[in-house]
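# Observations on chain architecture
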Amino acid sequence: MIKKNVVLTGMPATGKSTVGVILAKRLGLAFTDSDVYIQTREGRRLSEIIRDEGLETFKKIEEKHLCEMEARATVIATGGSVIYGRRAMDHLGKKGIIVYLNTPLSTLMARLSDLEARGVVIQPGMSVESLYHERHPLYMERAHIVIPTEGLSPSMVADAVHEALIKTLGETWR
Ligand SMILES: Nc1ncnc2c1ncn2[C@@H]1O[C@H](COP(=O)(O)OP(=O)(O)OP(=O)(O)O)[C@@H](O)[C@H]1O
Ligand SMILES: O=C(O)C1=C[C@@H](O)[C@@H](O)[C@H](O)C1
Ligand SMILES: [Mg+2]
């Protein structure tokens, strides 16, 4: 059994939450969605935090909560904007394998209809394309494993992550 956390990162709507639950059941791990974790601790929805505090403060709040998260043997589906928090990513990387779910822009655009309702950390007027080009190098830099998700169902993405974990963890896997 894997003892480390499995930390799913990637753009909004890439499938971190959907795949995370499937993966946790398959690997016998716990599951945490960092968006839900933050909302519960804050007592308000992410879209409300963004609306009331603004993007920069939201990022600080998100980073603070992520740095305080004590997870063990857990699949963590992160929010897409967690990548902006250097300390949060250091914390997650210390006890976890960071897996970037890389989904092509065209697929993301089809899935991301209402950015505001979804609460995406994006400057007013910025396109999803620009956001992708801004974030992709950050996700790549932090990733221990990169999974291209194009053409795969959520269950197939979970299979691909599972296989990559076995390959990467080698003898620490039983
Ligand atoms: N591999 C896939 N194939 C088809 N649809 C998918 C796939 N993965 C996720 N989806 C769909 O895309 C949408 C977004 O998925 P999900 O909420 O899991 O993304 P996320 O990465 O957790 O996003 P966020 O960063 O906003 O939390 C959902 O409607 C989900 O059903
Ligand atoms: O990618 C993003 O900018 C975000 C995605 C959501 O999961 C939330 O974490 C938050 O609303 C920001
Ligand atoms: Mg999610």
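Residues numbered from 1 in each chain as written. Chains lettered and ligands numbered in written order. Predicted model: local features only at pLDDT ≥ 70, side-chain atom pairs only at ≥ 80, totals over all residues. Heavy atoms only, no water.

### Some words on the site of ligand 1
The criterion, for reference: To be near a molecule or strand, a residue needs just one of its heavy atoms within 4 Å of it. Polar contact criterion, stated in full: a pair of N or O atoms within 3.5 Å, where within protein one must be able to donate a hydrogen and the other to accept it, and residues adjacent in sequence count only if both atoms are side-chain atoms. All accessible-area figures derive from a Shrake-Rupley calculation using a 1.4 Å probe, and residue coverage is judged against the displayed protein chains alone. Runs of H or I in DSSP of at least four residues are treated as helices and runs of E of at least two as strands, each being numbered from the N terminus. The residue classification treats Ala, Val, Leu, Ile, Met, Phe, Trp, Tyr, Cys and Pro as nonpolar and Asp, Glu, Lys and Arg as charged. All others, Gly included, are polar.
Among the 15 residues in the neighbourhood of ligand 1, the closest are listed as Ala13, Lys16, Ser17, Thr18 and Leu152. At a separation of 2.7 Å, an oxygen atom of ligand 1 approaches a polar side-chain atom of lysine 16. Here an oxygen atom of ligand 1 sits 3.4 Å away from a polar atom, N or O, in the side chain of aspartate 35. Here ligand 1 loses 70% of its free accessible area of 640 Å² to cover by the protein chains. Element by element, the count of residues in the shell around ligand 1 is highest for helix 1 (residues 16-27), at three residues. A class-by-class count of the residues in the shell around ligand 1 yields five nonpolar, six polar and four charged.

### Digging into the side chain of threonine 107
So the rule is basically this: A simple rule labels every residue: compare its accessible area, found with a 1.4 Å probe on the protein chains alone, to the largest value its type can have, and call it buried under 20%, exposed over 50%, or partly exposed in between.
Mapping threonine 107 onto the fold places it in helix 6 (residues 105-111). Of the residues examined, threonine 107 reaches a relative accessible area of 16% and is grouped as buried. Of note is the side chain of threonine 107, whose polar atom sits 2.9 Å from the side chain of glutamate 150.

### Describing the UniProt feature "binding site: ATP" (unreviewed entry) in the protein chain
Stated formally: UniProt positions are given in the numbering used here, feature names are shortened, and annotations may be inferred rather than shown by experiment. By the convention used here, residues are in contact when the closest approach between their heavy atoms is within 4.5 Å.
Here, the residues flagged by UniProt with the feature "binding site: ATP" (unreviewed entry) are Ala13, Thr14, Gly15, Lys16, Ser17, Thr18 and Arg118. Inspection of the secondary structure assignment puts glycine 15 in the loop between strand 1 (5-9) and helix 1. Ignoring sequence-local partners within four residues, the contact set of glycine 15 consists of Gly20, Leu101 and Arg111. For threonine 18, the location among the structural elements is in helix 1. With relative accessibility at 45%, the residue threonine 18 sits in the partly exposed group.

### Side note on the site of ligand 2
Near ligand 2 lie 13 residues; those nearest to it are Asp35, Gly79, Gly119, Val121 and Arg135. Contact distances for ligand 2 include 2.5 Å between an oxygen atom and a side-chain N or O atom of aspartate 35. In this structure, an oxygen atom belonging to ligand 2 sits 2.7 Å away from a main-chain N or O atom of valine 121. In the complex, 94% of the free accessible area of ligand 2, which totals 310 Å², lies under the protein chains. Tallied by class, residues from the shell around ligand 2 come to five nonpolar, four polar and four charged.

### Brief notes about the environment of isoleucine 97
Its place among the elements puts isoleucine 97 in strand 4 (residues 96-102). Look at isoleucine 97 and you get buried, because its relative accessible area is 5%. In this structure, the C-alpha to C-alpha distance between isoleucine 97 and valine 82, residues 15 residues apart in sequence, is 15 Å. The residues contacting isoleucine 97, other than those within four sequence positions of it, are Lys4, Asn5, Val6, Val7, His144, Ile145, Leu165 and Leu169.

### Thoughts on the UniProt feature "binding site: Mg(2+)" (unreviewed entry) in the protein chain
Per the UniProt entry, the sites bearing "binding site: Mg(2+)" (unreviewed entry) are Ser17 in this numbering. Checked against the element boundaries, serine 17 lands in helix 1. Not counting residues within four places of it along the chain, the set of residues in contact with serine 17 comprises Phe31, Asp33 and Ala77.

### Here's the deal with helix 9 (residues 154-169)
Definition in use: One fewer than the residue count of a helix, multiplied by 1.5 Å, yields its expected span.
Between its terminal C-alpha atoms helix 9 stretches 22 Å, which fits the 22 Å expected from 16 residues at 1.5 Å a residue. Tucked inside the fold, the buried residues of helix 9 contact strand 1, helix 1, strand 4 and strand 5 (145-148). Of the residues flanking the end of helix 9, it is glycine 170, one or two places downstream, whose phi is positive at about 50 degrees.

### Concerning the nonpolar core
Note the cut-off: Throughout this description, the term nonpolar core refers to a set of buried Ala, Val, Leu, Ile, Met, Phe, Trp, Tyr and Cys residues connected via side-chain atoms within 4.5 Å.
Grouped together as the largest cluster of nonpolar side chains are 33 residues, with contacts concentrated most on Met11, Leu66 and Leu92. Listed by contribution, the elements that provide at least two residues to this core are helix 3 (46-53), helix 4 (55-68), helix 5 (86-94), strand 4, helix 6 and helix 8 (128-142). Residue contributions to this core peak at five residues, all from helix 4. Formed by 19 residues, the second largest nonpolar core is a distinct cluster that contains Leu8, Val75, Ala158 and Leu165.

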